[in-house]
Amino acid sequence: MGQVAWKALFLSLFDYKTEKYVIAKNKKVGVLYRVVQLSILAYLVGWVFVVKKGYQDTDTSLQSSVITKLKGVAFTNTSELGERIWDVADYVIPPQGESVFFVMTNLIVTPNQRQATCAESASIPDALCDRDTDCLEGEAVVAGNGVKTGRCLKDRGSTRGTCEILAWCPVEKRSKPKKPLLGSAENFTVYIKNSIRFPKFKFSKMNVLATDNESYLKSCRYSQEHPYCPIFVLGNIVRWAGGDFQEMALQGGVIGIQIEWNCDLDKAPSECNPHYSFSRLDNKSAETSISSGYNFRFAKYYRDAEGVDYRTLIKAYGIRFDVMVNGKAGKFNIIPTIINISSGLALMGAGAFFCDLVLIYLIKKSNFYRGKKYEEGPLGKVRQALLGTFLPPETIPGCSSRPCACFPRSNSRKSLSSPTLNGNQSPEQLDGL
Amino acid sequence: MGQVAWKALFLSLFDYKTEKYVIAKNKKVGVLYRVVQLSILAYLVGWVFVVKKGYQDTDTSLQSSVITKLKGVAFTNTSELGERIWDVADYVIPPQGESVFFVMTNLIVTPNQRQATCAESASIPDALCDRDTDCLEGEAVVAGNGVKTGRCLKDRGSTRGTCEILAWCPVEKRSKPKKPLLGSAENFTVYIKNSIRFPKFKFSKMNVLATDNESYLKSCRYSQEHPYCPIFVLGNIVRWAGGDFQEMALQGGVIGIQIEWNCDLDKAPSECNPHYSFSRLDNKSAETSISSGYNFRFAKYYRDAEGVDYRTLIKAYGIRFDVMVNGKAGKFNIIPTIINISSGLALMGAGAFFCDLVLIYLIKKSNFYRGKKYEEGPLGKVRQALLGTFLPPETIPGCSSRPCACFPRSNSRKSLSSPTLNGNQSPEQLDGL
Amino acid sequence: MGQVAWKALFLSLFDYKTEKYVIAKNKKVGVLYRVVQLSILAYLVGWVFVVKKGYQDTDTSLQSSVITKLKGVAFTNTSELGERIWDVADYVIPPQGESVFFVMTNLIVTPNQRQATCAESASIPDALCDRDTDCLEGEAVVAGNGVKTGRCLKDRGSTRGTCEILAWCPVEKRSKPKKPLLGSAENFTVYIKNSIRFPKFKFSKMNVLATDNESYLKSCRYSQEHPYCPIFVLGNIVRWAGGDFQEMALQGGVIGIQIEWNCDLDKAPSECNPHYSFSRLDNKSAETSISSGYNFRFAKYYRDAEGVDYRTLIKAYGIRFDVMVNGKAGKFNIIPTIINISSGLALMGAGAFFCDLVLIYLIKKSNFYRGKKYEEGPLGKVRQALLGTFLPPETIPGCSSRPCACFPRSNSRKSLSSPTLNGNQSPEQLDGL
């Protein structure tokens, strides 16, 4: 016997068990369910597969290297500096050609500063004084340039002066040129060399066109017509970012250059191309003086014949360019394909759940369908029998007009497998269809 | 006929097919299922929707721009340098005001280094020598400052000396001040200007309070009471990061300033505010001398009247501040809302699967419910009939006390749709409920 | 009555409703379904849990701090510079020891440049001229070094010359040494100190071995045998990245050093170790002269006794190293565990859906199983009765050889709960099994 039973058990392992469905011939819910199914299918095909390329394995851990190189010279003729040429080594900070670079477009030069004592700038509130006791010796001037020596320096005849300070003297004059000194930086060009690599797919590419025509790469300029030329005119970048170069050159600012690589590696490598976009990163709208523009101070240090240090302080205004690279690559892979299809099918189950709710709670004949959907378990008839003694048949769900007590056995039978069979035949329900 | 059949087929497309359920009046499993349902609902509502805001489309590709500006002067009076003022151009490296900046708080200055020959520092093991042959000419000193010339230099009367090297001479003395030279950097302030933009939602904001009160922004300091003031005292930053400024100023270290933007764009833009947090990034606990602190060497190059280069070597200790910005924005969107609800409903299916397992395998009457749940297919009764000839009825699952052969037709009927109908009526099972 | 009905309703809340299944004794579909189930189980256990560690909560928002420090000196002897020693302060740019650093390996020095007029380099096409009118005064030389003064300078006897320009004179000579000047940089070492922190799990670690043996950290070099030594020889890094140091030293290039932290925090902290990998980031294959190598220009500014600025221009070739840190940590958490198991179970539903399709559409007896699976709703028999008047019974699905009109009541009964009961008994279908 044992062997036969085990064989039966083993065979039953390969019986396929499928959910039993009840066909509810309700066209409203039927149409609703088809609409839900179509929506899910449209979402799955349109959004997940076509738009999001759900059939692909993706690599977002882009390895990127950016090298930038500026070209251009500017000529200035000011009373302070005389005729002067500015080249790359003068105006690019830092010089390394990294992904973040600053082009100096305006500057306030304070030459020959030495460690000494002098009057603090009158524009600093904390430095104003009436008498020496206003200038506490050894105290640093708040937001100022040095440490107070304890004396109050006044111009001849005036009652109010500024504290004497120990500082790099003379202190910087707070006057910015009305016109950017290096406004011609608008015509400078920057060559942005961007190599990327998707390690998962071992795919490398550069933003430089693979061409034999080397002179093209030396003379081209990026534009709508030349989308794969990696040389950009600074003035164009600022304009595309929605700024005005001369105005930014005066105050300074920050421009973002986004390079987006969105590569479908199921296609040819030549289809994988960078997409550039430009945006102004510093919030121009905030027009409070404390938060507008971009500038910083740096100094060049010299030593005179006596070995004493002196320096030239430069307050540099200019445009900082941040090159930001991101991207992702996708390639067909069976695992995400199956997962996404399966998730879509699982969504169908949620759609069915929703339609079930409509069917058994919201529509007119929901009571009827509820009885049809839920086959009562073994105790059902017992409870109904018990309840039946207290309740009129109409109050028992799915038993409204049933001749409940007529054929006890066959009735209990029916109440189990399809309690609403008779309800089915009642005129009121046929009318309801 | 064809037309009618096609019409019937077409109409049947809109029949709604719903799963047939069996009501198992088992309170234990029923309660279990309700608990599972409530848990999933709580997870869906509480975690997915309220905590994770699953009804929102999110943008995590934050575009951020950070501009930093330090303010403060320090006064030092050392035997080496005399009275000296240090201002921003002196102690901030690099000067550009980027998101990573270093504030020099301590330094070892080696002035007037020239290309020459001199004795290597005695603290370098590889440079120690007893005789000239220990100093192989042209060999670089391991972890040293120059290239050996082949001579061993000894102090008068000592037997052990150091190799002579060609290097920037004199070489740096390995003695660090006991007290940070620029300890007063604790009172310096840094103004951190952070503009962000969420490109997907075209939403921009700054961390600077939009206020007419400009003097507030000039005088405020960030603290619990002033969470929207972007000016930070360095000493406070270090304290909030769990460090001690004077101790860090001596050895150097790295502090991270995280700015977190977590914006719910369904609310007013003014609700989208940065949250700052501070942490010490270099592992302070590792107290091996090789891995503690932060310092680097740089040089200022000069040229004397004869055109010979000389330099001042500076070993700078200090605190590097890394400003790191991240954030995400969310806005209501119908797609993630539906996806999340649907996923929650799909989870319900998993819950039902789990309860089914309990029902048909784990509880006392599982045999009975198994029969109820699985309606046997067409061959069932044939196999049972076959098996019945070999096995006593009790060994056939769901057939324990059934009068298997009495009314062949109605019995086979029952064995199909509800094989355990009679079992239902057996006293043993009624007792079991 | 109310109380009893409410109690019944309340009790029915805890009735467990389970889907009714039909056992289809079709071994093909049964085996298919078991295969699908096993595949999903294998995917769930093997991929989601073992490979992807789906039972863990993960933190990918790594906080990282990188400090780099180079060691090494190089000796050069050129006609231009004489005997010269290069140390860290000379060849590392920028000096701060950040995660991106550049080691100068070759250079073109143009000393004593002053603001003056001189002939433009003959290698710039735009500067070539036959007569003065070719050199428009005030116009900048395209890709050149200065602004034209309007004169055409010719060598004695030649008919073609170059424009005179106002620039930093003399201009740079376009000749690169054939051999890298600082080729011995191959033996320089870099100490990379990387501290990481996973904020979610409050877990910190360093890439420096926690050891008492301090001299080990001073003398070790990273290699396969010493995977936890953070000191790297530059030549090795380049070799591991697939490059040739001397060739890269000549032209310049960019090397990426990836540090990967992949920490399973369910294990001991000592199991969480960095994994290093090295790759060449600039695309070496692109052999157009415009896009190969890495170099930039910077200048050292001096001031002579008369207060006139002059500078030394340096075109630096070298290797830029980008240290990139990423990682993730995982720790057991009940929420992702449950979510992943549930998603796996939901996938089972999709598998069942797929098998259902096979069962009711693709196999030979699909018609039969369709009828078995879908129990017809109340109108079914009415429609069938109506259709029956026009169609022979065989055309009605699931009704092929049924004695449709014999016992109206019991027949309608059967057509509801299992319309194919009789079909079951027909020889044709038994043969089909």
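What counts, and at which threshold
- Residues numbered from 1 in each chain as written.
- Chains lettered and ligands numbered in written order.
- Predicted model: local features only at pLDDT ≥ 70, side-chain atom pairs only at ≥ 80, totals over all residues.
- Heavy atoms only, no water.
- UniProt positions renumbered as here; feature names shortened; annotations may be inferred.
- Helix = DSSP H or I, 4+ residues; strand = E, 2+ residues; numbered from the N terminus.
- Buried < 20%, exposed > 50% of the residue type's maximum accessible area, 1.4 Å probe, protein only.
- Contact = heavy atoms within 4.5 Å.
- Areas by Shrake-Rupley, 256 points an atom, 1.4 Å probe, with all protein chains shown as cover.
- Pairing = 2+ DSSP bridges.
- Axes fitted to C-alpha atoms, helices over the stretch in contact; angles between N-to-C directions.
- Core = buried A, V, L, I, M, F, W, Y, C linked by side-chain atoms within 4.5 Å.
- Salt bridge = Lys/Arg side-chain N within 4 Å of Asp/Glu carboxyl O.
- Disulfide = S-S within 2.5 Å.
- Phe/Tyr/Trp six-rings, centres within 6.5 Å; stacked < 30°, edge-to-face > 60°.
- Expected span 1.5 Å × (residues − 1).
- Polar contact = N/O pair within 3.5 Å; in protein donor to acceptor, adjacent residues only side chain to side chain.
- Parallel < 35°, antiparallel > 145°, perpendicular 65-115°, else oblique.
- Nonpolar A, V, L, I, M, F, W, Y, C, P; charged D, E, K, R; others polar.

- Here is the UniProt Function (unreviewed entry) comment for chain A, exactly as written: "Receptor for ATP that acts as a ligand-gated ion channel."
- Checking UniProt for chain A, the heading Subunit (unreviewed entry) contains the comment "Functional P2XRs are organized as homomeric and heteromeric trimers. Homotrimer. Forms heterotrimer with P2RX1."

### A short note on the overall build of chain A
Right, on to step 1. Across its full length, chain A carries 12 helices and 19 strands.
Right, on to step 2. The buried share of chain A, taken over its 433 residues, is 53%.
Right, on to step 3. Intrachain contacts of chain A at a sequence separation of at least 6 include 67% that bridge at least 24 residues.
Right, on to step 4. Looking at chain A as shown, the accessible area adds up to about 19,700 Å², and 58% of this sits on carbon and sulfur atoms.

### Structural notes on the sheet that holds strand β2 (residues 21-24) of chain B
Right, on to step 1. Judged by pairing direction, the sheet is mixed, and its 3 strands sit side by side in the order β19(A)-β2(B)-β1(C) without closing on themselves. Of all the strands in the sheet, the pair left with one neighbour each is β19 (374-375) of chain A together with β1 (16-19) of chain C.
Right, on to step 2. Relative to β2 of chain B, β19 of chain A runs parallel, the two being bridged by 2 bridges. Note on β2 of chain B: the bridge partner recorded for Y374 of chain A is Y21 of chain B.
Right, on to step 3. Running at roughly 155° to β2 of chain B, helix α8 (residues 366-373) of chain B makes contact with β19 of chain A, β2 of chain B together with β1 of chain C of the sheet.

### A few points about the sheet that holds strand β19 (residues 374-375) of chain B
Right, on to step 1. If you walk across this open sheet you meet the 3 strands as β1(A)-β2(C)-β19(B), and the pairing is mixed. The two strands at the open ends of the sheet, each matched to only one other strand, are β1 (16-19) of chain A together with β19 of chain B.
Right, on to step 2. Contacts between helix α7 (residues 334-362) of chain C and the sheet are confined to β1 of chain A together with β2 (21-24) of chain C, with β1 of chain A contributing the most and set at about 100° to the helix.

### Digging into the nonpolar core
Residue and element names in this part refer to chain A.
Right, on to step 1. In this structure, V103, M104, L234, I237, I255 and F321 are the most contacted members of the largest nonpolar core, which totals 54 residues.
Right, on to step 2. For this core, the leading source of residues is strand β18 (residues 309-332), giving 7 residues.
Right, on to step 3. Each residue touching L234, except ones within four places of it in the same chain, is listed here: L70, V103, A185, E186, F188, V190, F245 and F321.

### A word on the pattern of salt bridges
Right, on to step 1. The full count for this structure, using the stated rule, is 51 salt bridges over all chains.
Right, on to step 2. For R131 of chain A, the salt bridge is made with D134 of chain A, and the minimal N-O distance between the two is 3.8 Å.
Right, on to step 3. Look at D134 of chain A and you get partly exposed, because its relative accessible area is 31%.
Right, on to step 4. K200 of chain B serves as the salt-bridge partner of D57 of chain B, at 3.5 Å between the closest nitrogen and oxygen. Taken as a pair, D57 of chain B in strand β3 (residues 56-59) and K200 of chain B in the loop between β12 (189-198) and β13 (203-206) lie far apart in primary sequence, 143 residues in all.
Right, on to step 5. Three or more residues joined by partner-sharing salt bridges are found here, namely R84, D87 and D90 of chain A together with R311 of chain C.

### As for the state of the cysteines
Right, on to step 1. What the rule picks out here adds up to 15 disulfides over all chains.
Right, on to step 2. Bridging C118 of chain B to C169 of chain B, the disulfide has an S-S length of 1.9 Å. One quick way to see it: the torsion about the S-S bond of C118 of chain B and C169 of chain B is about -80°, and its sign makes the bridge left-handed. Placement of the pair is C118 of chain B in strand β8 (residues 100-119) and C169 of chain B in strand β11 (residues 161-169), with a sequence separation of 51 residues.
Right, on to step 3. Covalently, C135 of chain C is tied to C163 of chain C through a disulfide, its sulfur atoms 1.8 Å apart.

### Quick notes on the packing of aromatic side chains
For any two aromatic rings, the description comes down to two numbers: the centre-to-centre distance and the angle of the planes.
Right, on to step 1. With the rule as written, the count across this model stands at 60 aromatic pairs over all chains.
Right, on to step 2. Their ring planes at 70° and their centres at 5.0 Å tell us that F232 of chain A and Y276 of chain A sit as a pair that is edge-to-face. In this pair, F232 of chain A sits in strand β14 (residues 231-233) while Y276 of chain A sits in strand β16 (residues 274-280), placing the two residues 44 residues apart along the sequence. Per residue, the accessibility class of F232 of chain A equals that of Y276 of chain A, and both read buried.
Right, on to step 3. Summarising the aromatic geometry, the rings of Y222 of chain B and F232 of chain B are spaced 4.8 Å apart at their centres and angled 35° between planes, so their arrangement reads as tilted. Taken together, the residues Y222 of chain B in the loop between α4 (214-219) and β14 (231-233) and F232 of chain B in strand β14 connect sequence positions 10 residues apart. No difference in accessibility class separates Y222 of chain B from F232 of chain B, as the two residues are buried.
Right, on to step 4. Ring pairs connect the aromatic residues Y222, F232, W240, Y276 and F278 of chain A, which therefore count as one cluster.

### So, helix α7 (residues 334-362) of chain B
Right, on to step 1. End to end, α7 of chain B covers 41 Å across 29 residues, agreeing with the expected 42 Å (1.5 Å per residue, within 8%).
Right, on to step 2. For α7 of chain B, the N-terminal capping position is held by N333 of chain B, with its side-chain oxygen 3.0 Å away from the main-chain nitrogen of I335 of chain B.

### Description of the packing of α7 of chain B against α7 of chain C
Right, on to step 1. Packing of α7 of chain B against α7 of chain C leaves a shortest axis separation of 8 Å and a crossing angle of 85°. Comparing their axes, α7 of chain C and α7 of chain B come out roughly perpendicular. Packed against α7 of chain B, whose contacting residues are A346, L347, A350 and F353 of chain B, the element α7 of chain C presents I339, S342, S343, L345 and A346 of chain C at the interface.
Right, on to step 2. By residue class, the composition of the contact of α7 of chain B with α7 of chain C is 7 nonpolar, 2 polar and no charged.

### As for unusual backbone geometry
Right, on to step 1. Of note, the bond from C169 of chain A into P170 of chain A is cis; its omega dihedral lies within 30 degrees of zero at -5°.
Right, on to step 2. At K53 of chain B, a position not held by glycine, the phi torsion is positive, near 50°.
Right, on to step 3. Tracing the backbone shows K53 of chain B in the loop between α2 (27-51) and β3.
Right, on to step 4. For K53 of chain B, a relative accessible area of 28% gives the class partly exposed.
Right, on to step 5. Phi angles above zero are rare outside glycine, and N112 of chain B is one such case at about 55°.

### Observations concerning the environment of K365 of chain B
Residues and elements named next belong to chain B.
Right, on to step 1. With respect to the secondary-structure elements, K365 resides in the loop between α7 and α8.
Right, on to step 2. Accessibility expressed as a relative area gives 11% for K365, which makes it buried.
Right, on to step 3. As for K365 and N26, which are separated by 339 residues in sequence, their C-alpha atoms are 9.3 Å apart.

### Quick look at the environment of A89 of chain B
Right, on to step 1. Structurally, A89 of chain B is set in helix α3 (residues 88-91).
Right, on to step 2. Relative accessible area serves as the criterion here: at 12%, A89 of chain B is assigned to the buried category.
Right, on to step 3. Put simply, A89 of chain B and L70 of chain B are 19 residues apart on the chain and 9.6 Å apart in space, counted from C-alpha to C-alpha.
Right, on to step 4. Leave out the neighbours within four places in its chain, and A89 of chain B touches R297, F298, A299, Y301, R311 and L313 of chain A.

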